[in-house]
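For reference, the chains in residue letters:
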Amino acid sequence: MQSHEAALAPAPAAPSPIWLRILLALFALVAIGVPLLLVSTSPRVVVHKRAPVVISKRVVPKQELPPVEPVKLQEVAPEDAREINAAIPFSSLPNPAARAFRLSGAADSQVRAVDCLAAAVYYEAGDDAVGQRAVAQVILNRMRHPAFPKTVCGVVFQGSERSTGCQFTFTCDGAMLRYTPSPAAWQRARDVAQLALNGSVYRAVGHATHYHTNWVVPYWSASLEKITAVDTHLFFRWAGWWGTPPAFNRGYAGIEPNIPQMARLSSVHLGDTTNSLEPALQGDGSLIDPATIPDSAVPSAVGAGLDANHFLVVLDRKMNPDAFAALAIKTCGERLYCKFMAWTDSKQKPAKLPATPAQTAALSFSYLRDQAQGYAKALWNCQQFKRPSPIQCMRVQPPVGPVAAPNPQPTPAAGAITGPAPLTGVRRKADAAVPAAKPPVNFALPVPRPSPTPRPTPAGEPR
């Protein structure tokens with residue numbers, strides 16, 4: 001019986017071959033080790049956190065002049081910037097074309113306008129005719145808008161004297177020194193500029209005053225109306241009344257300033273260096289940096305019923321005349337309008353304006369800045385200080401002295417024969433030969449109308 005039960009019991013399993021055990025162990029090792037190796041050696045994935053984007057929807061009312069902000073970009077990655085820009089809808093309001101503009105003024109002024117506009121379209125849009133036409137139209141739109149200077153060069157180089165205040169980045173980031181267009185590319189840019197300044201209108205951008213590429217987000221973009229896109233550039237106009245055609249009502253100043261930065265591209269900008277946006281040249285042509293003028297030397301505004309944009313100053317006779325312009329620029333600071341008048345004779349300095357003819361004749365130096373016109377000019381009294389060029393000299397003042405009394409006619413003696421009395425109402429030839437005396441000419445600079453106070457805000461590269 002026992003032997004029968006033993007026969008029915010299952011036989012013990014034969015042990016697995018050693019090679020099979022090794023193979024299974026290797027498979028298990030690979031299945032566990034490979035994922036661990038991949039996880040441990042893979043680069044860490046950094047989760048990108050988008051920077052907060054400042055959104056402003058304020059519409060500037062008609063009673064307030066809109067601000068012109070310098071180029072300042074929000075810290076946004078290019079891929080995020082494209083998403084943000086794509087999320088801003090295009091305006092559904094009409095996009096009328098701007099009026100044609102035709103350049104006027106003296107021949108040299110017109111060439112300056114062409115070259116300033118050519119530089120802007122080349123450095124902003126490259127050697128691309130379509131992009132250049134769009135940029136040129138924005139600049140002309142700005143020139144007609146009350147918020148901007150009234151010259152082509154004034155618009156293009158607005159704020160270029162400050163590294164953080166320029167409207168077009170190429171004017172303050174050194175691009176004009178780093179590379180120069182080829183002669184052929186420069187001529188093509190000038191052709192585009194000449195067309196725009198002689199009636200050609202790029203209709204697509206309408207009355208746009210701002211633009212930027214779609215991979216950046218300027219702080220001003222959300223407060224403006226996006227009206228069109230040209231390639232990778234987006235174009236904007238101010239919301240509300242300031243973006244409508246009636247707002248573009250300012251006339252052209254007609255006198256283009258000299259821009260020293262343009263001298264490498266344009267020979268016509270090599271001339272009158274005192275008619276630049278910020279003239280501070282020594283007699284040998286080298287710059288005197290206004291920053292070298294100590295704060296202690298900066299005078300206070302004149303007051304006496306005038307605003308803080310006027311300065312009546314007594315100059316130290318030992319001061320280098322080449323530093324007068326630097327002192328004026330340092331004194332004027334960031335003012336959009338500034339009149340600086342200086343005398344070396346303290347007795348001749350008036351307490352207030354207008355100056356008398358004698359005080360005007362004794363004026364030693366003057367500096368006038370009007371950013372609304374894209375204009376600044378420094379002039380010396382060349383009878384007191386010799387200058388390297390007559391264009392730096394003030395107009396010669398007429399001599400100031402007592403007016404001579406007319407010669408009295410002798411009284412005829414009693415009984416003398418005096419001849420017939422002259423006929424009244426008859427004009428004699430001798431009388432006609434004597435011209436009427438002209439009133440004296442006052443060469444004092446007129447007191448300007450107060451300029452609107454700017455508020456903080458490329459723009460136009462604005463980018």
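Structural notes, computed from the coordinates. (Residues numbered from 1 in each chain as written. Predicted model: local features only at pLDDT ≥ 70, side-chain atom pairs only at ≥ 80, totals over all residues. Heavy atoms only, no water.)

## As for the overall build of the protein
Per the secondary structure count, the protein includes 11 helices and 7 strands. Here the protein holds 463 residues, and the buried ones make up 42% of them. When the accessible surface of the protein is summed, it comes to about 26100 Å², and 61% of that surface belongs to carbon and sulfur atoms. (Helix = DSSP H or I, 4+ residues; strand = E, 2+ residues; numbered from the N terminus. Buried < 20%, exposed > 50% of the residue type's maximum accessible area, 1.4 Å probe, protein only. Areas by Shrake-Rupley, 256 points an atom, 1.4 Å probe, with all protein chains shown as cover.)

## Structural notes on the packing of aromatic side chains
One pass over the full model with this rule turns up 14 aromatic pairs. Centre to centre, the rings of Tyr 211 and Phe 235 are 5.5 Å apart; their planes meet at 35 degrees, and the pair counts as tilted. Of this pair, Tyr 211 sits in strand β1 (residues 210–213) while Phe 235 sits in strand β3 (residues 233–238), and the two are 24 residues apart along the sequence. For Phe 235, a relative accessible area of 2% gives the class buried. Taking 5.3 Å as the distance between ring centres and 85 degrees as the angle between the ring planes, the aromatic pair formed by Phe 324 and Phe 385 counts as edge-to-face. On the criterion of sequence distance, the pair formed by Phe 324 in helix α9 (residues 324–332) and Phe 385 in the loop between β7 (375–380) and α11 (429–432) is long-range, its members being 61 residues apart. For the pair shown, Phe 324 and Phe 385 are each scored as buried. Joined through ring pairs, the aromatic side chains of Tyr 122, Tyr 123, Phe 157, Phe 170 and Tyr 179 make up one cluster. (Phe/Tyr/Trp six-rings, centres within 6.5 Å; stacked < 30°, edge-to-face > 60°.)

## Focus: the sheet that holds strand β5 (residues 337–343)
Strands sit in the order β4-β5-β6-β7 across an open sheet of 4 strands; the sheet is mixed. The sheet is open, and its two edges are formed by β4 (310–314) and β7, each paired on a single side. Averaged over neighbouring strand pairs, the angle between their axes works out to 5 degrees when direction is ignored. In the packing of α9 onto the sheet, the strands contacted are β4, β5, β6 (365–370) and β7, and the crossing angle to β6 comes to about 40 degrees. (Pairing = 2+ DSSP bridges. Axes fitted to C-alpha atoms, helices over the stretch in contact; angles between N-to-C directions. Contact = heavy atoms within 4.5 Å.)

## Some remarks on the state of the cysteines
Tallying each qualifying case throughout the model produces 4 disulfides. Between the sulfur atoms of Cys 166 and its disulfide mate Cys 172 the distance is 1.9 Å. Classification of Cys 166 by relative accessible area gives buried; the value is 4%. With a relative accessible area of 21%, Cys 172 lands in the partly exposed category. One disulfide in the model links Cys 382 with Cys 393; its S-S distance is 1.9 Å. Because the sign of the S-S torsion sets the handedness, a value of about -90 degrees for the bond joining Cys 382 and Cys 393 places this disulfide among the left-handed ones. Note that Cys 382 is positioned in the loop between β7 and α11 and Cys 393 in the loop between β7 and α11, a separation of 11 residues in sequence. Among the cysteines of the protein that take part in disulfides, numbered as they appear in the sequence, the pairing is 1-2, 3-4, 5-6, 7-8. (Disulfide = S-S within 2.5 Å.)

## Examining the sheet that holds β1
Spatial ordering of the open sheet is given by β1-β3-β2, a layout of 3 strands whose pairing is antiparallel. Two strands in the sheet have a free side with no partner beyond their single neighbour: β1 and β2 (224–230). Each neighbouring strand pair of the sheet contributes to a mean axis angle of 30 degrees, computed without reference to strand direction. Sheet topology places β1 next to β3; 4 bridges connect them, and they run antiparallel. Paired with Tyr 211 across the two strands is Phe 235, which belongs to β3.

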